[in-house]
Amino acid sequence: MNKTVNPKDLASDGDGPLYAAQKKVYPQSVSGTFRRIKWGLMAVCLGVYYFLPFVRWNRGLGAPSQAVLIDLPNSRFYFFFIELWPQEVYYFTGLLIAAAVALFLMNSVGGRIWCGYLCPQTVWTDLFYAVERLIEGDRRERMKKDKSSDPLKLERISEIVLKHSIWLMIAWWTGGAWVLYFNDAPTLVKELVTFQGPMIAYIWIGILTATTYLLAGYMREQVCTYMCPWPRIQAALTDEWALNVTYRYDRGEKRTSVKKAAELRALGEQVGDCVDCYQCVAVCPTGIDIRNGPQMECIQCGLCIDACDNVMTKIGRPKRLIGYDNDINIHRRQEGKAPIYRIVRARTVVYSVIIAAVGGFMVYTLATRSLLDVNVLHDRNPVAVKLSDGSIRNAYTVRLLNKSGYDRVIAIDAEGPVNLTMHVVGADSVTPDRPMIVIPRDATSELRLLVTAPAENNSEKSIPVRFHVMDIGLGVAASATDNFVAP
Amino acid sequence: MTDHHSDIDSVSGKSTTGHEWDGIKELNTPLPRWWVITFYLTIVWAIAYWVVYPAWPLIASNTTGMFGYSSRADVAVELANLEKIRGAKMAALGTASLADIEKDPALLALARAKGKTVFGDNCAPCHGSGGAGAKGYPNLNDDDWLWGGSLDQIMQTIQFGARSGHAKTHEGQMLAFGKDGVLKPDEIVTAANYVRSLSGLPTRPSFDKAKGEKIFAENCAACHGDAGKGNQEMGAPNLTDKIWLYGSDEATLIETISQGRAGVMPAWEGRLDPATIKAMAVYVHSLGGGK
């Protein structure tokens, strides 16, 4: 980081040998394009998070009617029309891969869009700041109040109490919404308010209330600087074409006051647009000076762009002295060339292709997956049994999965060795060689299947055997292959 | 250590620690206060942990902590809870009849699961983890049973064993016809070949079938039956089928006839509770050989 030294920093930062006291950041309110985008995204993100559990989805009698539900006791995950079983957890792997690459893509296109606009830490901190501003006033007022030597006036105490109460309420509802994803929301809300909810729900609400309150109320930008790995990683993902929140020093330097700049311009001298008003620093939620160049602490939320634009408009200079830009264009402008922006680049194309491939594969497998599945496991000890009449028998553990919302009557057939006979332990067969089993809806059924074949017709050491299972009502079928082994 | 405040880095304006490697100086970047406080709290926590929980190994034992906590006691409590949760189901297993257990899919699944675990702990050393058996130890997956393969017969064998010394154990053994001087060596060879012929195995060219038949009728038929079909009352194996507990080659048969056989199955009554024995009987029966 190529910071220039501000002597004030040195005097006040308690640069002691052991620790440095955290400098509190007092971001000033700001209005503008990026602030509006942030408000909009905050409304969407919080709206989805808080209200999604209440969206209903009819899955028929006996099945949960919550659109998004993580049903841990029954190991099912419901997402609108999708129902995932525990063995399909690889969809989450796909989702995580796609999400990670989407993060890379965002980064290569527009820098830390995630950090500045979508990260929960940013969204909740922003919300907490809004509450704080509403109650305690803007930057200067808050600084004054914190510095005041007489802080215990009743008015001040009531302000503090009110602020923390609202923070805690938001934090509490954040934890409350979290547990609703794991249980039927209306039922759980009813249980919770009547103090009949499960202990684990109260514990989780408590944990998330505490973490939300601490992280958004106190830790704030320190989470981004000290706890989050992303600032470190993203440095490796950005390139010279990525748009980052950038101070256009080619246009801004040298900094002078408005008055002096006007005088100098009148004399035909070259002066910068930056008037050193520190508005960009005042509004920054991480407390940095963007004019020092790209910094690890910068979450690229664009609020300094808004602040600077407002000042530039006031003093009649062109906007976007601070803006989404890259180093290439700064150099091009200095050389008198037009800036160029290139979003379609090798890395953005590669990221997009990966996202499309992973997404496409997931959609394809999801669309073509069977609601009836069969898994077969050959007995290992013994692999084969010789019966008293000399015929050979192999035993298999067959697991049938009925992922549908109705009971299925399943018939099992096997093809492989000549003259085989089949028997399911514990099942009544309608026809001797074609066992029929009922599997309840949304359940699995494990069967022990014995396949016997006379040795004289089957001289091979290992014969492939194919098990067909069929829903005799609906005609849905699945099959699995294994081997019939001779001793 | 040098006074780092005297050395200020010109680029950052920060003081340095005074350490220098190949011209690169280390900036003195103090830790955030909350971080340092957290670090001290972890130290306090660690010391408290030593005191409150069992931690220090002593020569013969260890410090027990302030509340006598032990993870072993935790496990005991959890096992007791598990027993309580399973109690109702295992009780159902205890009261249901063997046939009912096999007909009820839920009970069958429970019995098979329980039986499989207990089988692994108690029976697998002799019979193999899947009941495949070994020489002298019956394969429990096949359809040949020394003492009967019905649910009740299997249960009885598990409960009381064979030649186990239990009052109700299965008795009966293969006599040592050679060792005891009942048959002469050449008669034993003839008997062995006769037994092989019963199940269609090839015999010696010099084998005299009529002589073999006579020896068998006089010595073996009492237990194995006139036709050699065996007798489950006495645990006498069927000699006409394709399954041989000790082997069907001539040398093994000569050894069997000369030395006799008396394999022991221990009695499990008293060592396992009745519901568990029931579960095991159902498990063994469902392995595939049950009649």
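The structure displayed is predicted, hence computed values, not measured ones. (Residues numbered from 1 in each chain as written. Chains lettered and ligands numbered in written order. Predicted model: local features only at pLDDT ≥ 70, side-chain atom pairs only at ≥ 80, totals over all residues. Heavy atoms only, no water.)

So, on to the overall build of chain A. What chain A contains, in helices and strands, is 17 helices and 16 strands. In terms of principal-axis extent, the alpha carbons of chain A reach across some 110 × 60 × 45 Å. Taking all 487 residues of chain A together, 44% fall into the buried category. A sequence separation of at least 24 residues applies to 69% of the contacts in chain A between residues at least 6 apart. Summed over all atoms, the accessible surface of chain A reaches about 25500 Å², with 64% contributed by carbon and sulfur. The centroid of the 54 positive side-chain charges in chain A is displaced by 8 Å from the centroid of its 47 negative side-chain charges. (Helix = DSSP H or I, 4+ residues; strand = E, 2+ residues; numbered from the N terminus. Buried < 20%, exposed > 50% of the residue type's maximum accessible area, 1.4 Å probe, protein only. Contact = heavy atoms within 4.5 Å. Areas by Shrake-Rupley, 256 points an atom, 1.4 Å probe, with all protein chains shown as cover. Lys, Arg positive; Asp, Glu negative; His and termini not counted. Charge placed at Lys NZ, Arg CZ, Asp CG, Glu CD.)

Time to look at the overall build of chain B. Scanning chain B from terminus to terminus reveals eleven helices and three strands. Going from N to C terminus, chain B has its helices and strands arranged as β-β-β-α-α-α-α-α-α-α-α-α-α-α. For chain B, whose C-alpha radius of gyration is 36 Å, the value lies well above the compact-globule estimate of 19 Å for 291 residues. In terms of principal-axis extent, the alpha carbons of chain B reach across some 115 × 55 × 40 Å. For chain B, with 291 residues in total, the buried portion stands at 36%. Considering only contacts in chain B between residues 6 or more positions apart, those separated by 24 or more positions represent 56%. If you sum the accessible surface of chain B, you get close to 16900 Å²; carbon and sulfur atoms cover 59% of it. When the 27 positive and 32 negative side-chain charges of chain B are each reduced to one mean point, those points stand 5 Å apart. (Rg over C-alpha atoms; globule rule 2.2 N^0.38 Å.)

A word on the interface of chain A and chain B. With 29 residues of chain A at the interface, the matching set in chain B holds 34 residues. Buried surface at the junction of chain A and chain B, summed over both partners, amounts to about 2500 Å²; 55% is from carbon and sulfur atoms. Seen at the junction of chain A and chain B, the total is zero salt bridges. Summed over the shared surface of chain A and chain B, the result is nine residue pairs in polar contact (both at pLDDT 80 or more). The set of elements that each furnish at least two residues to the side of chain A that touches chain B consists of strand S1 (19-20), helix H10 (221-227), strand S8 (385-386) and strand S14 (443-453) of chain A. Within the side of chain A that touches chain B, the residues separate by chemical class into 14 nonpolar, eight polar and seven charged. In the sheet, S1(A) pairs with strand S3 (residues 31-32) of chain B via two bridges, with the strands oriented parallel. Across the sheet, A:Tyr19 pairs through a bridge with B:Leu31, a residue of S3(B). (Buried area = accessible area lost by both parts, 1.4 Å probe. Salt bridge = Lys/Arg side-chain N within 4 Å of Asp/Glu carboxyl O. Polar contact = N/O pair within 3.5 Å; in protein donor to acceptor, adjacent residues only side chain to side chain. Nonpolar A, V, L, I, M, F, W, Y, C, P; charged D, E, K, R; others polar. Pairing = 2+ DSSP bridges.)

In this section: the UniProt feature "binding site: heme c 2" (unreviewed entry) in chain B. All names here are of chain B. Following the UniProt record, one finds the feature "binding site: heme c 2" (unreviewed entry) at Met 174, Cys 220, Cys 223 and His 224. Separation in sequence by 51 residues is not matched in space for these annotated residues, since their most distant C-alpha atoms are only 10.0 Å apart. Looking at the secondary structure, you find Met 174 in the loop between helix H6 (151-160) and helix H7 (185-198). Discounting residues that sit within four places of it in the chain, Met 174 has contacts with His 224, Thr 256, Ile 257, Gly 260 and Arg 261. Residue placement: His 224 occurs in helix H9 (residues 221-224). Once you skip the residues sitting within four places of it in the chain, His 224 turns out to touch Met 174, Phe 216, Lys 229, Gly 230, Ala 236, Pro 237 and Leu 239. (UniProt positions renumbered as here; feature names shortened; annotations may be inferred.)

Moving on: the sheet that holds strand S3 (residues 76-79) of chain A. Residue and element names in this part refer to chain A. Strand order in the open sheet formed by three strands is S2-S3-S4, and the pairing between neighbours is antiparallel. For this open sheet the edge positions go to strand S2 (68-71) and strand S4 (82-84), each flanked by a neighbour on one side alone. For this sheet the average axis-to-axis angle between neighbouring strands, irrespective of direction, equals 10°. Of the strand pairs in this sheet, S3 and S4 are connected by three bridges, and their pairing is antiparallel. Bridge assignment links Tyr 78 to a residue of S4, and that residue is Glu 83. (Axes fitted to C-alpha atoms, helices over the stretch in contact; angles between N-to-C directions.)

Okay, the pairing of S14(A) next. Residues and elements named next belong to chain A. When you tally the buried positions in S14, you get nine out of eleven residues, the bulk of the element. Examined bridge by bridge, strand S9 (residues 392-402) and S14 share eleven bridges and lie antiparallel to one another. Residue Leu 400 lies in a different strand from S14, and its bridge partner there is Ser 445. Note that strand S11 (residues 421-424) and S14 share four bridges and pair antiparallel. Bridge pairing in S14 places Val 424 opposite Leu 449.

Segmentation of chain B into domains returns domain 1 (16-63), domain 2 (73-169 + 265-286) and domain 3 (185-259). Its C-alpha centre places domain 1 of chain B at a distance of 80 Å from the equivalent point of domain 3 of chain B. (Domains from an automatic or database assignment.)

Okay, the domain arrangement of chain A next. According to the domain assignment, chain A contains domain 1 (22-237), domain 2 (245-327) and domain 3 (372-485). Inter-centroid distance (C-alpha atoms) of domain 2 of chain A to domain 3 of chain A is 75 Å.

The subject of this paragraph is the environment of A:Ile290. All names here are of chain A. Examined against the element boundaries, Ile 290 turns out to sit in the loop between helix H14 (279-283) and helix H15 (303-314). Its relative accessible area of 5% is what places Ile 290 among the buried residues. Residues Ile 290 and Ile 305 lie 15 residues apart in sequence; the distance between their C-alpha atoms is 9.8 Å. Once residues within four sequence positions are removed from consideration, Ile 290 is found in contact with Val 245, Tyr 247, Cys 280, Gln 295, Cys 298, Cys 304 and Ile 322.

Time to look at the UniProt feature "transmembrane region" (unreviewed entry) in chain A. All names here are of chain A. In this structure's numbering, the residues bearing the UniProt feature "transmembrane region" (unreviewed entry) are residues 39-57, 89-106, 160-181, 201-219 and 349-367. Between the end C-alpha atoms of residues 89-106 there is a gap of 26 Å, over a span that is 94% helix and 0% strand. In this annotation, residues 201-219 is assigned 100% helix and 0% strand; the end-to-end C-alpha distance for the span is 25 Å.

The subject of this paragraph is the packing of aromatic side chains. Overall, the coordinates contain 29 aromatic pairs over all chains when judged by the stated rule. Taking 5.0 Å as the distance between ring centres and 40° as the angle between the ring planes, the aromatic pair formed by A:Tyr90 and A:Tyr91 counts as tilted. A residue is classified by how much of its surface remains accessible, and A:Tyr90, at 47% relative accessible area, is partly exposed. In this structure an aromatic cluster arises from ring pairing among A:Tyr49, A:Tyr50, A:Trp124, A:Trp172, A:Trp173 and A:Tyr181. If you follow B:Arg261 out to its NZ or CZ, it ends over the ring of B:Tyr246, 4.0 Å from the centre. (Phe/Tyr/Trp six-rings, centres within 6.5 Å; stacked < 30°, edge-to-face > 60°. Lys NZ or Arg CZ within 6 Å of the ring centre and 35° of its normal.)

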